[in-house]
Every structure is written in structure tokens, then in C-alpha cells.
Amino acid sequence: MSVKTVINEMSKEQQKEKESLNLYYSTQTVIQEALNKLGYNNEMYELLKEPIRLLTVRIPVRMDDGTVKVFTGYRSQHNDAVGPTKGGVRFHPDVDEAEVKALSIWMSLKCGITNLPYGGGKGGIICDPRNMSFRELERLSRGYVRAISQIVGPTKDIPAPDVYTNSQIMAWMMDEYSRLREFDSPGFITGKPLVLGGSHGRETATARGVTICINEAVKKIGKELHGARVVIQGFGNAGSYLAKFMHDAGAKVVAVSDVYGGIYDPNGLDINYLLDRRDSFGTFSKLFNNTISNKELLELDCDILVPAAISNQITEENAANIKASIVVEAANGPTTLEATKILTERGILLVPDILASAGGVTVSYFEWVQNNQGYYWTEEEVMEKLEKVMVSSFDNIYQLAETHQVDMRLAAYMVGIKKVAEASRFRGWV
Ligand code: NAD
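I will try to describe carefully the structure that is included in this document. Being a predicted model, the structure only gives us computed values, none of them experimental.

Right, let's talk about the pattern of salt bridges for a bit. Within this structure, the stated rule accounts for 26 salt bridges. Residues Lys101 and Glu50 are paired through a salt bridge, measuring 3.6 Å at the closest nitrogen-oxygen approach. One end of the pair, Lys101, is in helix α3 (residues 97–113); the other, Glu50, is in the loop between α2 (42–48) and β1 (53–62), and 51 residues separate them in sequence. Under the relative-accessibility criterion, Lys101 is labelled buried at 14%. A salt bridge links Arg139 to Asp64; its shortest N-O distance comes to 2.7 Å. Placement of Arg139 in helix α4 (residues 134–148) and of Asp64 in the loop between β1 and β2 (68–77) is noted, with a sequence separation of 75 residues between them. Relative accessible area serves as the criterion here: at 31%, Arg139 is assigned to the partly exposed category. By sharing partners, the salt bridges in this structure join Arg135, Glu138, Arg142, Arg146, Asp175, Glu176 and Arg179 into a single network.

And the structure:
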């Protein structure tokens, strides 16, 4: 590797680290603002601004060529006053400590908003599963569980899928945990395959939750979903199912993208064709010659924009160019605080991530309940319960935002943090 390449690589890593830290500090800023509005003192902020526990692990994995590679992983637990912590595990080259910590705080907020009996947790491993074999991924997944086993469990901290992890990975992790404990432990992890105690509707839950939020948002601004032009960034678990639900509801999905770029057709895309052709990492754009960049996609003329990929996508630089009248954050942290301010000033309704993407953790909770009781619900039952949770959470936050004349992000933080703060207060921690 040339010196120039090393410098470029370093600056890319440093850039990512800076972005994660910004995300983390922005989260702390909004938490402080929310606690101030709710009348809590600074001691409560001191408790809630950081996770109570962060474990960093090094995981040796025997690769297929016989060499051993050591991966770095994390598990962050924000606060367990409400109950066991809960949150996904991300496999991605850009995972870092600040990002995992911020994501665990957001999980506390999501569980508070949806009134689930959990605190927030999150995990991640710095790796690129796209360049690993099936068996290498299995060894990495099992190694991670062995490394974090002391601080996780069905009544301690319950993992789930996130970016580049799926039901197969959850199955390996559940099997490893059950072997360690020497009893079957389906309640250790959610997002499992149906035959291993997964829940009906978990696979599509995040997208369902986003769809419900879009429906509610459209009603609030007096528009209709039928015929609305929708742009979605990301075509993985969240983005692809969302595209399908939007298409089925009669909306016109005019653009979608993956990590390499996007495709755009003002007359609407053939979503079923794209669903058939995308790979298991949510990529499809290499099949097309005429692609647009992710940057161009965000600024397209449309009614509803859904960032459903990664963080820091709508920033101070492009917020003024967003044409949508509704932005619904399916991804975690896609809009910076500065951009939130710009969008709000421009009269754009922004439905924040901790509300919009809470469908995933809600159905994960349903999965855990079913595992614990050993009795399983139909897809209709799950969907009915999800709809109730999402609609009431949306209404609650929308009304609070109106009452306090604040944006929906701050209102969502107020609802989410209040439950954690109250549980901490009753336990006598503060
Ligand atoms: P996924 O791994 O299934 O798909 C990610 C998609 O984003 C893929 O299409 C990928 O190509 C694309 N992508 C990756 N890097 C990109 C980049 N730099 N620019 C543009 N696109 C890029 O992930 P997912 O589970 O769909 O999660 C997507 C987002 O939704 C994440 O922010 C995740 O934290 C959030 N989320 C997911 C769930 C869930 O249940 N899956 C729940 C809550 C929140």
C-alpha cells in the first residue's frame, strides 16, 4: 500500500470517527434539552448521557484459508432501570465505539416511546460480511456470543438483527448461547427464523412501522398516500419492504438506491422486479447502466423521502435542497441536528428515527413475549398489535410537539427519555 493510500485510508477512518462522535454528541444535546423541558435536574442528565456499560471484545476467527483474523466487537447497554436492555447487532466495516453507544441510547428512547419494558442496548463488529464466507460468518457470530455471554441473556440484554445481520446469524447466536447455558434459550435473541421461535411479521416489522408513520404523517398534512411520489435511500430489510408496501398502497416509488447508487423513473419503478433481483445485502444497482448517486437521489422532486440506509445523509449542505414535504427516517440518525432545524423551518414534516423505525423493536418484543410464554401468535395478531403501538406512539409525539411548539424529534426524545428517567428515579438511582 502506498503512503498516499495509507493517508487516504486514515482520513476516511478519521472522518467516520468524527461523524460518529458528532452523532453521539448530538444525541446528548437533545437528551439534555428534553430533560430540561421535562424539569429534571443535571444529575439525571449525568446518568443518562452515557451508557451504563460498554464491553469491547476481540474475537479470533479461523478463516477458510487457515489463518486467524482477530475482529473487534462491542456491546453497549445504555440503561437497565426499565428492564433488560435490547438492541441489534451490526456487522459493518464502519462500526465504532461512539456509533454503538449512540445507537444504544436511541434504543432506550425507542423502547420508551413504544412503552416496551426494556432499556436500550446495541452491539457491533468491525467486519465486512460481504467479503466473508458463510462459515467464516458463522464462526464470527458464535465467537461474538462467547465473548459477550456474561452480560447478555433473556433477562439481561437481548440482541437482534441490524445492518448486514439476518435471521441466519441470529440462529447461530441463539444456538451458541443455548450451548453455553446448556438449555434452549429462544428468548436470548430476536429476529430468528420462524422454526426457531421467530415471530410472524418480524422480517417486515420495521418497514410496516415506517408505513404506519407515513400514513399518519400524510393524514396530518391533509394529503393522500395514493399517487404520492416516494423516494427511498437503501434497499435492504427496511427499504425494500417499505418500497413494496408503498407500491401496494398505490404510491409511486420513483427512486431507490443501494450503497453503489440509485435508479430513478418519474413514472414509478417496477418494485417487484427489483425485489426479485436484489441480493441478500440489499444491492441491485449494478444491474443498471443509468444510475444516479445517493446524493442526487436525496434531492429528487418527490412528496415523501425515506432515508433507509445509514446515518448523516441529510446535513447542513443538502437540507435546503430537499424537495419532499415529508421526511420519514427509517434509518438510524440519517439527519443531523442542523439539518433537522433547516427542514423544520422550511415546513417539512420530519418523522424522527426513534419513532419511525420502532416497528422492528416492537415486533422483537412480541417475539420475546411469545418465546417466554411458549405460545405463538398469527401474523394478523402481530400486525394488529403493531398498528396499535405505532399509531398511539405517533399521535402522542405529534400532539406533544404541537403543545410544546417543538419539532417531532425533540418531542420524541421527551417521551422516550421520560420513561427511563422515571424508572431511574423510582429505583433511587437519582
Ligand atoms: P440492510 O443491511 O438490510 O440494508 C442496508 C441498505 O443500505 C442496503 O441496500 C445497502 O446497499 C444500503 N447502503 C449501505 N451503505 C450505504 C451508503 N453508504 N449509501 C447508501 N446506501 C447504503 O440494513 P437494514 O436492516 O435495512 O437497516 C437500514 C437502516 O435502518 C439502518 O440505519 C438500521 O439501523 C435501520 N433500522 C433497521 C431495523 C431493522 O429491523 N432492520 C430496525 C430499526 C432501524
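Now that the structure has been shown, we can carry on.
Quick look at the state of the cysteines now. Overall, the coordinates contain zero disulfides when judged by the stated rule. Cys111 takes part in no disulfide bond, and the closest cysteine sulfur, belonging to Cys213, lies 15 Å away. Of the residues examined, Cys111 reaches a relative accessible area of 0% and is grouped as buried. Cysteine Cys302 remains unbridged, with the sulfur of Cys213 as its closest cysteine sulfur at 17 Å. On the basis of relative accessible area, Cys302 is assigned to the buried category, the value being 3%.

Every one of the 26 residues lining the ligand counts as a neighbour, but Arg90, Thr206, Ala238, Gly282 and Asn332 are closest to it. In the model, an oxygen atom of the ligand is placed 2.6 Å from a nitrogen or oxygen of the Thr206 side chain. Surface burial for the ligand is 91%, taken as the share of its 830 Å² of free accessible area covered by protein chains. Those elements that provide at least two residues to the shell around the ligand are α6 (202–220) and α7 (237–248). Here the shell around the ligand is built from residues that sort into eleven nonpolar, ten polar and five charged. Counting residues domain by domain, the shell around the ligand receives three or more from each of domain 1 (50–183) and domain 2 (205–356).

Basis of the calculations
Residues numbered from 1 in each chain as written. Predicted model: local features only at pLDDT ≥ 70, side-chain atom pairs only at ≥ 80, totals over all residues. Heavy atoms only, no water. Salt bridge = Lys/Arg side-chain N within 4 Å of Asp/Glu carboxyl O. Helix = DSSP H or I, 4+ residues; strand = E, 2+ residues; numbered from the N terminus. Buried < 20%, exposed > 50% of the residue type's maximum accessible area, 1.4 Å probe, protein only. Disulfide = S-S within 2.5 Å. Near = heavy atom within 4 Å. Polar contact = N/O pair within 3.5 Å; in protein donor to acceptor, adjacent residues only side chain to side chain. Areas by Shrake-Rupley, 256 points an atom, 1.4 Å probe, with all protein chains shown as cover. Nonpolar A, V, L, I, M, F, W, Y, C, P; charged D, E, K, R; others polar. Domains from an automatic or database assignment.

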